[in-house]
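Notes for the structure review
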Amino acid sequence: FTFSRVVVMLFALCYTALHLAHSLLQSLNLSNMSSKCPVYRAEFPSGMYLGRNFRPNPKVFVQWGQETAEVMRLNNFCDYGLFEFSDEKTVFMRNIRLTFTEKFHEISWFDKAYKLTVEGFNSNTGKTSFDLTIKWYFDGDLIATLVRKMVYVSVTTGKPIELPAKFTSTNTAKSTVRFSLNKEVPNTASETSLTVRPSDLDFNDHVGHPVYMDYLLDSAYHLQNQYTLLAADLMSERIKCVDIEYRYQVVLGPELVVKSWDEVGDLGLQLNFVMNQWNEVDGCDRLVCLGKFCLFDR
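These figures come from a predicted structure and were not determined experimentally.

Turning our attention to unusual backbone geometry. Most peptide bonds are trans, and most residues other than glycine sit at a negative phi. Unusually for a residue other than glycine, Asp-139 sits at a positive phi of about 50°. Looking at the secondary structure, you find Asp-139 in the loop between strand 4 (129-138) and strand 5 (141-154). On the basis of relative accessible area, Asp-139 is assigned to the exposed category, the value being 66%. Residue Asp-205 is not a glycine yet carries a positive backbone phi of 65°. Within the secondary structure, Asp-205 sits in the loop between strand 6 (190-194) and helix 6 (209-222).

Right under this line is the structure:
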């Protein structure tokens, strides 16, 4: 009787351990990635950086993504000669997509500090570009995903060049993320202007890419009473995803002119943005950025 009881208890313990391991693998989505590319993982505390809606500002995740990408580069998860500072080649960020799950909006961030799990991995999109994907988990649940689409370019010509063979052979996963942003501004679009601050600049003496998120959020705040479908502050809404396409660098000096409008798209209610800045050399406005916020249903 005692022996049988022990066997049953051991079986139950083994089953529970296997179930927990399987759940962990599913929540981290490791089964699809570990065989295709190196995956970086880490934990870090959260609970700070809360915006006026008592949730982390979307810009924080873009900044965390930048920091994670740098850690990955330093630990050789996404380098392979790709990010060498050189007069001949460089990496240009073309797009980002930041996606939030409904779980993100359910967390009571204000209650206490939390630990988030972060993982990052690369996937190819073509001969000259790749995606760096970064995911954040809260208690095993996915809360946010950031996809950074990078293009490998020649400094001399400004044109894309082929990725290093070592990079493509090590990171064999294929990306399926596609971007589609509208630059056709309707007559109903509203307009506001923003000032570029010296503190917005990075070491390249142009605006760092996380700051673009600030510009879009600031524009939405200034225009909140002029939208036709969105009758509230954007930060009070549940943001589903943000797409940003970087067209040209933003520099100190001329003001930014941002045009924005709301509409119902494939993912529901969305806000669109087109950002221009006067270019002294060309003597005309230059398109520097496109943006789109998609919202969960109320």
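Moving on, we get to the side chain of Ser-219. Residue placement: Ser-219 occurs in helix 6. Taking relative accessible area as the criterion, Ser-219 reaches 0% and is therefore assigned buried. Discounting residues that sit within four places of it in the chain, Ser-219 has contacts with Thr-192, Leu-194, Val-258 and Phe-273.

All right, on to the packing of aromatic side chains then. All told, the structure shown has 11 aromatic pairs when counted by the stated rule. Residues Phe-61 and Phe-104 carry aromatic rings whose centres are separated by 5.7 Å and whose planes lie at 75° to one another, so their mutual orientation is edge-to-face. You can see Phe-61 sitting in helix 3 (residues 58-74) and its partner Phe-104 sitting in helix 4 (residues 102-106), a full 43 residues away along the chain. Judged on exposure class, the residue Phe-61 and its partner Phe-104 are both buried. Residues Phe-100 and Phe-104 carry aromatic rings whose centres are separated by 4.4 Å and whose planes lie at 25° to one another, so their mutual orientation is stacked. For the pair shown, Phe-100 and Phe-104 are each scored as buried. One aromatic cluster in this structure is built from Phe-61, Trp-64, Phe-100, Phe-104, Trp-109, Trp-136 and Phe-138.

Calculation rules
Residues numbered from 1 in each chain as written. Predicted model: local features only at pLDDT ≥ 70, side-chain atom pairs only at ≥ 80, totals over all residues. Heavy atoms only, no water. Helix = DSSP H or I, 4+ residues; strand = E, 2+ residues; numbered from the N terminus. Buried < 20%, exposed > 50% of the residue type's maximum accessible area, 1.4 Å probe, protein only. Contact = heavy atoms within 4.5 Å. Phe/Tyr/Trp six-rings, centres within 6.5 Å; stacked < 30°, edge-to-face > 60°.

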